[in-house]
Structure formats: C-alpha cells, structure tokens
Amino acid sequence: MGNVLVLAEHRQGELRDISIEMLALAPSVAEALGGEVMVLLLGSEVGPMAEKIAGHGVKVLVVDDPLFADYNSDKYQKVLSALIDDYKPKLVMMGQTAQGVDLAPALAVEKGLPFVPDIIGLEVEEGVIKATRQLYSGKVNAQVALKETDTGLVTVREAAFEAPDPSTTGAVEKIDSPLKEDLDYRKFVEYIEAEIGDVDITQSEILVGIGRGLKEDKNLPVAEALAEVIKADLCGSRAACDAGWLPDDRQVGTSGKTVQPKLYICMGISGAFQHVAGIKGAKTIVAINKDPNAPIFAEADYAIIDDLHKVVPQLTEKLKELKG
Amino acid sequence: MKIFTCIKYVPDTSEAEVKLDSEGTGVDSSRFSFDINDADNYAVEESVLIKEKHDGDVTVVSIGPKSSDVMIRMAMAKGCDRAIRIEDERIATHDPLMVAKVLAGAIKDQEFDLVFTGCMAEDYGQAATGVALAELLGVSHAAYVKKVEIEDGKVKVHRELEGGLREVVEISLPAVLTIQTGINEPRYAPIRGIRQAQKKELKVMNLDDLGIPEGEVNAEASRIVLEKLYIPVVESKAEIIEGEPEEKAEKLASILVKGGLV
C-alpha cells in the first residue's frame, strides 16, 4: 500500500498553516500510489487540533504526551523513525520550515531515504514519485525523481499550496508514544518573541521596500527620500536587514513580517519566495529591478525594468512636483 | 575548542539572468561572478568569534574547484587556521546527502567540538547539508542558528523560527550548527591577515585521499535523480513601464498620483 504520512506542525498551541497546505497535495499522491493519507500529530493536549485536521477527510494518528509539549527535532526523529518501520508509508511529507529543516535531513540519513527538500510540486508518473523544486532563488526549476524505494521523504515549501477547505470527517486514532523518556542531549528552553520597533510595518498604508540591489548603505537616502515624499514607511528583504541597512523588525517575509499596505513600491528586490510570502496582502505592487526575469515581477502590478539608482531619484522628484 | 567550518563557492545570480547549459542539466555559469555563500560568510565569522573567545582553532572545509581557493584564503585571512578543499567530479553535488557524506568523511576521524555550516546555499537552496552532516557524524545539531553561547560542554543556541520568533535550545557538544544570515557582522579581512593567509595550509584532496569509496557518494549512490532543469515562465500581469529612466519615472509618478495611490 502506498500510504502518505504527513507530519502536522504546530507551535504555541496553534496548528501551523503548512499542516493543512500539505493536504492540497497528499490525497492525489496517495491515490496515485494506491494508498491513503495519514497525518501524524505529536504534542501534548492536542485533541482539538487533531479534530481540526481530521475535518479535512484524513486519518489522524495522535501521540498525545507531555514529552511532546514543545518541539524537539530529536524526539520527533525517534518517533518518525519508529512509525516508518511500523506503517511503512511510501512517502513522508513535512514542511520546509524551521521545524522541518531541523529534522528531515537527519531522518533521511538515519533511514536511508531518498530525500527532496523544499518542493513546490509533486506527482506520480508510472509509480515514480517526482518532485519539482526551485534553484537559484526561483530562476531555475528542477524536476527530481525519487529512486525506487520503500519510503521517500519530501519537505514542502510554505505557502506554495493553498490550504483546502474542510470536507468530510476522518478518524482520529491515538497511538502510544514510541519514545518513553526525555532526551538529555537536546532541551527546549524558551521562546523569545520578536522585538517591537518604532514603526509597526504590518499597519503601514504605504511601504517602500529595499533589497540587495540597493548595493550599500550610503544609497539608503535614495529610498528614504521617496518614502518621505509619499509618506511611506521603509521595509526590506532579509538581505537589507542582514546588512544592517534597516532594523530586523522592518524585515518582510516568512521569517519577518507579513504586510498589507495599499501600495508597496519595492526596489532591488528579486522576489525570493521568502519575501513574496510576506507581501501577498499588498493591494498594488510596483517593482523596480534590473533583471527582467526577477520573480518579483510575477507579483507586480507595475514593473520598471531598470537600474533603481537611475529611476528612483527621478521618481521622487516627479512625485514632489505632482504633489506640489 | 576545535571547530570545522564548511563553506561553498556560489554564483551571484541575484541580478543576473540564468541560462541553462547546452545539455539542459546544468546552468551556464560562465558569466557569473562567484563568491562565498552568504550564510557561510556568517558561519566563518561566528567560528572566528568563538575561536577568539574560547581559544580554539578553525579548519575550513569546502567542496569546489581551484578557483574557489581565493574564497578559502579570504576565510583564512579573517582568522581560520587551515583549510581542506575537496575537488572530485565524481561527487553527486545535487544531492545534499551525498555532499554531507563527503564532508563527514573529511571531519569524522578528527577531534572536533563544533561544526558550522551556512543554513542554506544560495544556488540550490536546500537547507539540508548541515543537519544531514550532524546525523552522519552522530552528534547533536541545531538549524537556523541566530545566536551561540557556549557553556560547559553545552551550547545554548537561538534558532530563528517563522515570523521573527526565536526558540532557545540547549544541546550537548560536539554539535553541528547551521548558521543563519544576520547572526553577526562579518569582518573585512585585515591586510596582515591576507598576508598570513598565504602561508596557511590549504590541503587539496579527492575522494581517494579521504578514503571515501566513489560508490558511496556518486550519482549511483544518490537516491534521487535530477531529471531536468527548466527556466520557469514568470507569468506577470504587470503593466511594464517603458522608456528612458526619466520617462519611466515620470509615467510611474503620474500613475501613482492620478490613481490616488499616493
């Protein structure tokens, strides 16, 4: 039987979206493999979460044990390793998230599994599981096949698939924890919440975004001048915040903020998925980038394919004139 | 404190058009400029900071061509002590598990407390090598590390989670940490360091030198097949604003103002 085992992900009492997003993919793959979808939920007092997942018409295996009160990759690995032996799923899926990235490669090595990380597509062709993933920040796609195997492993990119609506109700089955005692070599200590800065960019009406294409911090006034004229707040890609051009709380994307301005003007941002995931709520997007194939243009309403250093200062001047 | 830091030489494609090679299974990298992978640059800095604080030494390990020596010398100029460059065309470099096996082969018989890698390479973007390496070495690990504090036989790390949240985890040493960008401020190499780096040991090895059988890390050994590459079509619904830079600026300004967007 070609069952698909999906690892649910949750944090601080909330089921994370990726858990359901993977169910946009898993049922068709399971069907092609001649099996069914099983979702594995590890946690402590996670009954309501199990019901929520089961509401998508899938079977949910629940290990409800205080040992899993907080996420721990090593504990998860032990459980998955045991359950792969017991259930022999044809494919295991988890998120390419801070959890999945910390877990999947080690599990693949331990069990000798064919492994494709960060997939954005998955299909079965004549019994062969084939995944699509991106290289070079989305500029090239690769089709990768898993060689003939008892069990394969993929991690699925966040927000690459739309979470399906609830459907019929599947069964919830409690199983005993294959892990009986705590581990001494890895301990969860605490969560630290994101710092709150002077401006909350999630509330900004107009945002000017900067990325690697700004080149250096002495070019920051180019963006600042534009922002001042149109009363925008500044935000940036990971590269802009890492470089120290902007504080971390101005970072937009999966590891930063999700924003929803009515206007977003971004410059020198190529549009890696991590950034794009944070701007889906923007109403109008203007992108300025030198590379005509930059993925950011797929998101834009208005595109200027040019050097930001040539265009933006003039844009600022023209706006000044027009706005008087 | 014995540290190994794994780095990769990658093309900068952030503003470059990427084209496939004539076979369609690789990328034509002839027009790209190469440099150290961004996250690996932070890993080098973190290893040198820890060396300075805890009195250790750092060995750089990299799989790559001779042209990457310039990157390796730069890491040594910043304070890394020696380097191993592995060059062997038989390695299935598209599979992070094969890459991890080669790195493990270079590290496993030596004494080490910490192994650093960047959390993700900019070219393949798999974010998998470091954690796979930990499993192969049989040691603890943490991925997406934004802070490292060493305290008696343990390391307390801050892991970057989604949405700006961090998770503090305590793991035992030895350990592999995959370093996230922004953890520190990578230094510029001092002139004196650049001179000293020329004298530091840079050993070039292949699979035979490392005692790794080809059949454990080549395309046959890999459990995945890279079937094809293709350039995805960017489906843009955007209105493209044409003209000279000044005309573009003028047109966009007018759209923004007339449309009541600003």
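Preceding this paragraph is the structure being described.
So, how was this worked out
- Residues numbered from 1 in each chain as written.
- Chains lettered and ligands numbered in written order.
- Predicted model: local features only at pLDDT ≥ 70, side-chain atom pairs only at ≥ 80, totals over all residues.
- Helix = DSSP H or I, 4+ residues; strand = E, 2+ residues; numbered from the N terminus.
- Buried ≥ 20, exposed ≤ 12 C-beta atoms within 10 Å, placed from the backbone.
- Contact = placed C-beta atoms within 7 Å.
- Core = buried A, V, L, I, M, F, W, Y, C linked by C-beta atoms within 7 Å.
- Expected span 1.5 Å × (residues − 1).
- Nonpolar A, V, L, I, M, F, W, Y, C, P; charged D, E, K, R; others polar.
- Pairing = 2+ DSSP bridges.
- Axes fitted to C-alpha atoms, helices over the stretch in contact; angles between N-to-C directions.

K.L.:
I tried to follow the overall build of chain B on my own but got confused; where do I start?
P.N.:
A tally of regular secondary structure across chain B gives seven helices and 13 strands. The C-alpha extent of chain B, read off along each of the three principal axes, is 65 × 45 × 40 Å. For chain B, the proportion of its 262 residues judged to be buried stands at 51%. For chain B, contacts bridging at least 24 residues in sequence account for 69% of all contacts bridging at least 6.

K.L.:
Help me out: how do you make sense of the nonpolar core in this one?
P.N.:
Where a protein is soluble and globular, its nonpolar side chains tend to be buried together. Counting 142 residues, the largest nonpolar core has Val-6, Leu-40, Leu-41 and Met-93 of chain A as the members making the most contacts within it. A per-element tally of this core places helix H3 (residues 96-107) of chain B first, with nine residues. Here Leu-40 of chain A is in contact with Leu-5, Val-6, Leu-7, Ala-8, Leu-61 and Leu-83 of chain A, once residues within four sequence places are set aside. Ile-210, Phe-297 and Ala-303 of chain A together with Leu-252 of chain B belong to the second-largest nonpolar core, a separate cluster that totals 52 residues.

K.L.:
Is there a simple way to think about helix H5 (residues 98-111) of chain A in this case?
P.N.:
Residues and elements named next belong to chain A. Along its 14 residues, H5 runs 21 Å from first to last C-alpha, staying within 8% of the 20 Å computed at 1.5 Å per residue. Taking burial as the measure, the 14 residues of H5 include 12 buried ones, the bulk of the element. Turning to H5, its buried residues number three or more, namely Ala-98, Gln-99, Gly-100, Val-101, Asp-102, Leu-103, Ala-104, Pro-105, Ala-106, Leu-107, Ala-108 and Val-109. Within two residues after H5, Gly-112 carries a phi angle of roughly 65 degrees, on the positive side.

K.L.:
What is the right way to look at the interface of chain B and chain A in this model?
P.N.:
A common way to state how big an interface is: give the accessible area lost once the parts meet. Each partner contributes to the interface: chain B provides 74 residues, whereas chain A provides 73 residues. Looking at the side of chain B that touches chain A, the elements with two or more residues in it are H3, helix H4 (129-137), strand E7 (140-151), strand E8 (154-160), strand E9 (166-172), strand E12 (224-230), strand E13 (239-240) and helix H7 (245-258) of chain B. In terms of residues, the side of chain B that touches chain A owes the most to one element, H7 of chain B, which gives 11 residues. Taken together, the residues of the side of chain B that touches chain A sort by class into 40 nonpolar, 14 polar and 20 charged.

K.L.:
I'm lost on the sheet that holds strand E7 (residues 115-125) of chain A in this one. Help?
P.N.:
The pairing of strands in a sheet happens through backbone hydrogen bonds and is either parallel or antiparallel. As summarised here, the arrangement of the 10 strands in space is E11(A)-E5(A)-E4(A)-E1(A)-E6(A)-E10(A)-E7(A)-E8(A)-E9(A)-E12(B), forming an open sheet in which the pairing is mixed. Either end of the sheet is taken by a strand with one partner, and the two such strands are strand E11 (172-174) of chain A together with E12 of chain B. Neighbouring strand axes in the sheet, compared pairwise and without regard to direction, differ in orientation by 30 degrees on average. Relative to E11 of chain A, strand E5 (residues 59-64) of chain A is paired through three bridges, and the arrangement is parallel.

K.L.:
Please clarify how the pairing of strand E15 (residues 263-267) of chain A should be interpreted in this entry.
P.N.:
Residues in a regular strand point their side chains to alternate faces of the sheet. All names here are of chain A. Counting buried positions along E15 gives five out of five residues, so the element sits mostly inside the fold. Both faces of E15 are covered, namely the face carrying Leu-263, Ile-265 and Met-267 and the face carrying Tyr-264 and Cys-266. Examined bridge by bridge, strand E13 (residues 206-210) and E15 share five bridges and lie parallel to one another. Note that in E15 the partner of Ile-206 across the bridge is Leu-263.

K.L.:
Is there a simple way to explain the pairing of strand E10 (residues 152-156) of chain A in this structure?
P.N.:
Residue and element names in this part refer to chain A. For E10, the buried fraction is high: five of the five residues fall into the buried class. Side chains Gly-152, Val-154 and Val-156 of E10 all project onto a buried face; the interleaved residues Leu-153 and Thr-155 project onto the opposite face, where all are buried too. In this sheet, E10 lies alongside strand E6 (residues 91-95) in parallel orientation, the contact comprising five bridges. Within the sheet, the bridge partner assigned to Val-92 lies in E10 and is Leu-153. Both E7 and E10 contribute to a ladder of three bridges, which runs parallel. Bridge pairing in E10 places Ile-119 opposite Val-156.

K.L.:
Just to check I follow, could you spell out the sheet that holds E13 of chain B for this structure?
P.N.:
Ordered by their spatial adjacency, six strands build an open sheet running E14(A)-E13(A)-E15(A)-E16(A)-E17(A)-E13(B), and the pairing between neighbours is parallel. With partners counted over all chains shown, the strands left at the sheet margins are strand E14 (233-236) of chain A together with E13 of chain B, one partner each. With five bridges joining them, E15 of chain A and strand E16 (residues 284-289) of chain A adopt parallel strand pairing. In the sheet register, Cys-266 of chain A faces E16 of chain A, and the bridge partner there is Ala-287 of chain A. Lying on the sheet, helix H9 (residues 308-323) of chain A is in contact with E15, E16 and strand E17 (302-305) of chain A; it crosses E16 of chain A at an angle near 130 degrees.

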